[in-house]
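Topology and contacts: notes
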Amino acid sequence: MLIVFLGAPGAGKGTQAKTLAAEKNLTHLATGDLLRAEVAAGSELGLAAKAFMDRGDLVPDDVMIGMIQGRLESPRSDGILLDGFPRTVAQAQALDDALSAADTSVDRSIYFEVSEDELVRRLAGRSTCPDCQRAYHDTFNPPQNADKCDDCDEGLIRREDDKPEAVRNRLKVYETQTTPVLDHYRNAGKLVQVDGEQSIDAVQSDLAAAVG
Ligand code: AMP
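A few points on the structure. (Residues numbered from 1 in each chain as written. Predicted model: local features only at pLDDT ≥ 70, side-chain atom pairs only at ≥ 80, totals over all residues. Heavy atoms only, no water.)

Time to look at the pattern of salt bridges. For the structure on display, the rule yields 14 salt bridges. For Arg36, the salt bridge goes to Asp33, with nearest N and O atoms at 2.8 Å. With a gap of 3 residues between them, Arg36 and Asp33 both fall in helix H2 (residues 31-41), about one helical turn apart. Overall, the relative accessible area of 24% leaves Arg36 in the partly exposed class. Between Asp162 and Arg170 there is a salt bridge; the shortest N-O distance is 2.8 Å. Relative accessible area serves as the criterion here: at 8%, Asp162 is assigned to the buried category. (Salt bridge = Lys/Arg side-chain N within 4 Å of Asp/Glu carboxyl O. Helix = DSSP H or I, 4+ residues; strand = E, 2+ residues; numbered from the N terminus. Buried < 20%, exposed > 50% of the residue type's maximum accessible area, 1.4 Å probe, protein only.)

Following this line, the structure appears as structure tokens:
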């Protein structure tokens, strides 16, 4: 099974991906998390990607396509959940090509629909565990102990790209470069829309119905 999660930054993809991947035994491939791990490791790829990420711009397609291609092969699970990829039509096309070479294709693409006002509200209060990547929100989903991860007790961090100027740029980049990807999957009859403004539990049950 190959599932793609689409939606603006702050739409709730990461939160839902962790639950769905565990339930369905899917390998969760989150390109943002993979990139942040490269940055933390100080790798050449991480150094090259960091400036794009801090500004809220997309990392170039060839880097991203190279990063995902090798990971599509023989996952030790019942399939793959792609979270944060593809973000451009060129990435979507490259994904289709790589999958069709292996005689397979995307099963479903889930679009998390959330209004811009709500996205800004969510991104402004967001913090993340640098260890397990669990996401929190000051108001909607606070940790039990202030600024500490419930799972690993690690101090939570605020992402550089969750600062107001980068947030505005990420939403603009999403609008111009990623919304055309919705049409790519809509035209292929694979797009399922989920109302991402509902509670976490309600979104989860809509997802379960969409994925089957
Ligand atoms: P995310 O955690 O998914 O919001 O991703 C954080 C940042 O990583 C994005 O703002 C981009 O700079 C970069 N990134 C993640 N996935 C991609 C992708 N598929 N294409 C280009 N850049 C990406």
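For the rest of this paragraph, the subject is empty space enclosed by the protein. Summed over the entire model, instances satisfying the criterion amount to 2 cavities of 30 Å³ or more. Roughly 50 Å³ of internal volume is contained in the largest cavity. Along the walls of the largest cavity sit Phe5, Leu6, Gly7, Lys13, Gly84, Phe85, Pro86, Arg87, Tyr174 and Thr178, which together make up its complete lining. Counting residues per element, the ones that place at least two in the lining of the largest cavity are strand E1 (2-6) and helix H7 (164-187). Taken as a whole, the second largest cavity spans an internal volume of roughly 40 Å³. (1 Å grid on protein atoms, 1.4 Å probe; cavity = no way out; pocket = protein on both sides within 12 Å on 5 of 7 lines; lining within 4 Å. Points joined across faces, edges and corners; volume = space filled by probe spheres on them.)

The next point concerns the sheet that holds strand E3 (residues 80-83). For sheets, the rule is that strands pair by backbone hydrogen bonds, running either parallel or antiparallel. Ordered in space as E2-E3-E1-E4-E7, the 5 strands form an open sheet in which the pairing is parallel. Of all the strands in the sheet, the pair left with one neighbour each is strand E2 (27-30) and strand E7 (191-195). The average angle at which neighbouring strand axes cross in this sheet is 20°, direction not considered. Where E1 lies against strand E4 (residues 108-113), 4 bridges are found, and the strand directions are parallel. Paired with Ile3 across the two strands is Arg108, which belongs to E4. (Pairing = 2+ DSSP bridges. Axes fitted to C-alpha atoms, helices over the stretch in contact; angles between N-to-C directions.)

With that settled, the discussion passes to the side chain of Lys13. As for its placement among the helices and strands, Lys13 is situated in helix H1 (residues 13-24). Although Lys13 is buried, it forms no salt bridge, and the closest oppositely charged side chain is Asp83 at an N-O distance of 5.0 Å. Engagement of the side chain of Lys13 in a polar contact is seen with the backbone oxygen of Ala8, the distance being 3.2 Å. Not counting residues up to four positions away in its chain, the partners in contact with Lys13 are Phe5, Leu6, Gly7, Ala8, Asp83, Gly84 and Phe112. (Lys, Arg positive; Asp, Glu negative; His and termini not counted. Polar contact = N/O pair within 3.5 Å; in protein donor to acceptor, adjacent residues only side chain to side chain. Contact = heavy atoms within 4.5 Å.)

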